[in-house]
Every structure is written in C-alpha cells, then in structure tokens.
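Below are the chains, spelled out letter by letter.
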Amino acid sequence: MPGSVSSEESKPTYGYVSIIKNYGKAAGGSLAHGHQQIVSSNIMPKQFFNNWSFQERHGIHFTKFLLQENPEELVVKDYGKAVLVVPYFMRRPFDMFLILKDTSKKFLHDLDEDETEIVAQAWQEATRIILLILKSLKREEAYNITVNNGPGAGLYIEFLPFTQLIGGYEKIGLWVCQESPFKAAETLRGFIKSLDNKS
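Residues numbered from 1 in each chain as written. Predicted model: local features only at pLDDT ≥ 70, side-chain atom pairs only at ≥ 80, totals over all residues. Heavy atoms only, no water.

1. What about the overall build of the protein?
Phase 1: Secondary structure summary: the protein contains five helices and seven strands in total.
Phase 2: Starting at the N terminus and ending at the C terminus, the protein contains elements arranged as β-β-α-α-β-β-β-α-β-β-α-α.
Phase 3: Out of the 199 residues in the protein, the part that is buried amounts to 41%.
Phase 4: Considering only contacts in the protein between residues 6 or more positions apart, those separated by 24 or more positions represent 63%.
Phase 5: For the protein, the accessible area works out to roughly 11,700 Å², and carbon and sulfur atoms hold 55% of it. (Helix = DSSP H or I, 4+ residues; strand = E, 2+ residues; numbered from the N terminus. Buried < 20%, exposed > 50% of the residue type's maximum accessible area, 1.4 Å probe, protein only. Contact = heavy atoms within 4.5 Å. Areas by Shrake-Rupley, 256 points an atom, 1.4 Å probe, with all protein chains shown as cover.)

Quick look at the structure:
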C-alpha cells in the first residue's frame with residue numbers, strides 16, 4: 001500500500017510503567033486482599049511529567065535535589081544505602097519518601113542485592129508504622145504506595161497514608177496539609193523506634 005511502513009521499518013514505541021499499591025477503600029483499594037498493580041501506558045502519568053519538568057527546569061533530577069535540600073530533621077530512618085524521609089512539602093500528614101542514595105539508579109532492576117533488601121525492609125517498616133499511625137488517629141486503614149522512576153525522577157518510593165480527607169483543592173492539584181512535616185517526622189521516628197525495640 002502506498003505510504004505504509006512495514007513493522008521492521010517503523011519507529012520503536014515507548015511507554016510508561018507505573019507500580020502502585022492501594023490499600024483500603026478510602027485510598028482506592030478495590031480488593032480485600034493485599035496486591036500491587038503494574039500498568040503500562042503510552043500516556044505519560046502526571047508524576048512522570050512533573051519529575052521530567054523538574055529536571056528540565058533545574059538541571060538536576062528530583063531524587064538528588066531532595067537528598068540535598070530536605071532538612072536533616074525530616075529523616076525518619078537512615079538505612080545506609082537508602083533513607084526514609086518526610087518531604088518538606090508533605091502532601092498529607094505522615095507522607096514519606098524512600099530515596100536511594102545512589103542517585104544514578106533509575107529503575108528497580110538497577111538495584112544491587114543489598115539495595116533490594118534495604119528497599120524491602122524499609123517498605124515493610126513504613127507500611128507497619130502507617131498502620132500504627134492510622135490506628136492511633138482512629139482512621140480507616142488506607143494508604144497508597146507509588147514507585148517513581150524514569151527521566152527526571154531518579155528512584156524513590158512514596159508512602160501516602162490516608163490521614164486526611166481530599167477536598168476541592170486536592171482535586172485540582174493543590175495540597176492543603178493539616179500537620180507540620182517536622183512534627184510528623186518526630187512522631188514517625190517514635191513509631192519506628194518502637195518497631196526496632198520489639199525486634
């Protein structure tokens with residue numbers, strides 16, 4: 001057919017892979033049992049766009065920036081090759097980021113064995129303290145976890161407990177947080193210390 005291109009001559013296609021975990025109805029969890037979702041799409045998710053735009057504007061990817069700029073007082077736990085922090089721009093009370101210190105790593109498959117074990121340990125501990133926080137607040141067990149990677153991101157994992165209702169501002173992308181990140185970090189360190197004392 002005139003103008004057609006064979007599959008061998010066509011340009012390679014690219015997409016975006018999102019890894020998420022929704023737990024609890026309030027956070028969009030649709031199944032009773034624990035599960036993760038991996039989605040591939042040709043449409044760039046908003047967080048990918050935000051990370052890419054950040055690097056374009058500032059000449060540094062988001063993970064490296066956060067390691068440099070997030071105050072030391074917002075560290076929840078240092079795992080050696082990774083660090084669990086409350087971001088200074090916390091979206092909801094007790095929002096946490098797990099950041100790999102080797103900012104050259106961009107994807108989960110880039111991690112070495114030690115880093116993989118650290119991510120697994122930190123993921124488990126972050127989830128446990130989220131459930132303890134929610135219980136102490138007498139709130140439903142509900143949270144979101146997203147793995148952020150690719151251009152402009154580096155590699156970081158966000159733990160976002162459903163500690164506050166989402167209102168109109170949040171629906172248009174403006175987050176109103178009813179807690180201080182410094183107070184949240186202090187509370188989270190207390191909960192993580194209680195886990196360390198039990199083990």
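2. A short note on the sheet that holds strand β6 (residues 143–150)
Phase 1: The strand order β2-β1-β6-β7-β5-β4-β3 describes an open sheet built from seven strands, whose pairing is antiparallel. Pairing within the sheet leaves two strands with one partner each, and these edge strands are β2 (37–41) and β3 (75–78). Averaged over all pairs of adjacent strands, the angle between their axes in this sheet comes to 20 degrees, without regard to strand direction.
Phase 2: Note: strand β1 (residues 16–23) against β2, five bridges, orientation antiparallel. Looking at β2, one finds that Ser-18 is bridged to Val-39.
Phase 3: Of the strands in this sheet, β3, β4 (82–85) and β5 (96–100) are in contact with helix α5 (residues 181–198), which crosses β3 at around 30 degrees. (Pairing = 2+ DSSP bridges. Axes fitted to C-alpha atoms, helices over the stretch in contact; angles between N-to-C directions.)

3. Focus: helix α2 (residues 62–69)
Phase 1: Of the positions making up α2, those classed as buried are Phe-62, Thr-63, Phe-65 and Leu-66. Along α2, the residues classed as buried sweep out an arc of 160 degrees about the axis, all on the same side.
Phase 2: In this structure, the buried residues of α2 make contact with α1 (46–58), β5 and β7 (154–161). (Arc of directions from axis to C-beta.)

4. A closer look at the pairing of β4
Phase 1: Residue alternation in β4 divides its side chains into two sets, Ala-82 and Leu-84 and Val-83 and Val-85, and both sets are buried.
Phase 2: Hairpin geometry of β3 and β4 is characterised by an intervening segment of three residues between the two adjacent antiparallel strands and by a positive phi of about 90 degrees at Gly-80.

5. Quick word on the pattern of salt bridges
Phase 1: Enumeration according to the criterion identifies seven salt bridges in this entry.
Phase 2: Its salt-bridge partner being Asp-78, residue Lys-101 comes within 2.9 Å of it at the nearest N-O pair. Highlighted residues: Lys-101 in the loop between β5 and α3 (113–136) and Asp-78 in strand β3, separated in sequence by 23 residues.
Phase 3: Overall, the relative accessible area of 34% leaves Lys-101 in the partly exposed class. (Salt bridge = Lys/Arg side-chain N within 4 Å of Asp/Glu carboxyl O.)

6. Quick word on the environment of Tyr-16
Phase 1: Position of Tyr-16 among the secondary structure elements: in strand β1.
Phase 2: Considering only alpha carbons, one finds Tyr-16 and Asn-42, 26 residues apart in sequence, at a separation of 6.1 Å.
Phase 3: Other than its neighbours up to four places away in sequence, Tyr-16 contacts Val-39, Ser-40, Ser-41, Asn-42, Ile-43, Met-44, Pro-45 and Phe-48.

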